[in-house]
Amino acid sequence: ICLLLCILPCNCMFSVDSLLFPSTHARVIARWNVYLLRFQFFVVYFFAGVAKINLDWLRAEPLRHWLTNRYTFPNIGWILPYEWSVYVFSY
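Trainee: What exactly am I supposed to notice about the environment of R59 here?
Mentor: With respect to the helices and strands, R59 occurs in the loop between α4 (55–58) and α5 (61–67). Taking relative accessible area as the criterion, R59 reaches 41% and is therefore assigned partly exposed. With 27 residues separating them along the chain, R59 and V86 place their C-alpha atoms 9.3 Å apart. With sequence-adjacent residues up to four places away left out, R59 is seen in contact with R64, Y87 and Y91. Within the structure, R59 has its side chain in polar contact with the side chain of D56 (distance 3.2 Å).

Trainee: It is not clear to me how helix α6 (residues 83–90) should be interpreted in this structure. Could you clarify?
Mentor: An α-helical segment advances 3.6 residues per turn. Residues three or four places apart therefore align on the same side. If you check which residues of α6 are buried, you get S85, V86 and S90. Down the axis, α6 shows its buried residues gathered within 130° of arc, on one side only. Packing partners of the buried residues in α6 comprise α4 and α5.

Trainee: I'm lost on the pattern of salt bridges in this one. Help?
Mentor: Two side chains bearing opposite charge may form a pair once their charged atoms approach each other closely. For the coordinates displayed, the defined rule picks out 3 salt bridges. The residue R64 makes a salt bridge to E61 at a minimum N-O spacing of 2.8 Å. Separated by 3 residues within a single helix, R64 and E61 lie in helix α5, roughly one turn from each other. Take R64: its relative accessible area is 18%, and that puts it in the buried class. Each of E61, R64 and E83 takes part in a single network of salt bridges with overlapping partners.

Trainee: Help me understand the packing of aromatic side chains, please; the structure alone is not making it clear to me.
Mentor: Working definition: an aromatic ring pair is given by the centre-to-centre distance plus the angle between the planes. Per the stated rule, a full pass over the model turns up 3 aromatic pairs. Taking the centre distance of 5.3 Å and the plane angle of 75° together, the rings of F46 and F47 count as edge-to-face. Between Y82 and W84, the ring centres sit 6.2 Å apart and the planes meet at 15°, which makes this aromatic pair stacked. Taken together, the ring pairs in this structure connect F42, F46 and F47 into an aromatic cluster. Positioned above the aromatic ring of W57, the side-chain terminus of K52 is 4.8 Å from the ring centre.

Trainee: What is the right way to read the side chain of R64 from this model?
Mentor: Of note is the side chain of R64, whose polar atom sits 3.1 Å from the backbone oxygen of R59. Those residues within four positions of R64 in sequence are excluded, and the remaining contacts are R59, E83, V86 and Y87.

Trainee: How should I be thinking about the side chain of S85 in this particular structure?
Mentor: Structurally, S85 is set in helix α6. For S85, a relative accessible area of 0% corresponds to the buried category. Excluding its chain neighbours within four sequence positions, the residues that come into contact with S85 are L67, I79 and L80.

Analysis parameters
Residues numbered from 1 in each chain as written. Predicted model: local features only at pLDDT ≥ 70, side-chain atom pairs only at ≥ 80, totals over all residues. Heavy atoms only, no water. Helix = DSSP H or I, 4+ residues; strand = E, 2+ residues; numbered from the N terminus. Buried < 20%, exposed > 50% of the residue type's maximum accessible area, 1.4 Å probe, protein only. Contact = heavy atoms within 4.5 Å. Polar contact = N/O pair within 3.5 Å; in protein donor to acceptor, adjacent residues only side chain to side chain. Arc of directions from axis to C-beta. Salt bridge = Lys/Arg side-chain N within 4 Å of Asp/Glu carboxyl O. Phe/Tyr/Trp six-rings, centres within 6.5 Å; stacked < 30°, edge-to-face > 60°. Lys NZ or Arg CZ within 6 Å of the ring centre and 35° of its normal.

Here you go:
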């Protein structure tokens, strides 16, 4: 995402360049710039979701391992050791 922001013309609206050099300020940006950034976020979230479709994640195993030892957290610590809380936080 950072590489895309370096390549795309993102200095049109809310950048320091736009404040220092008003000639670079533009009210409209090309639609393909927005679609490219949306596509990048879609790819990241899609493959993160695909990676979580395995038996460990469906049984909430990573959070069970992490949450059961965190019963000393203030305000919500009493909820964490219960089995149902693992599934609530997982999904």
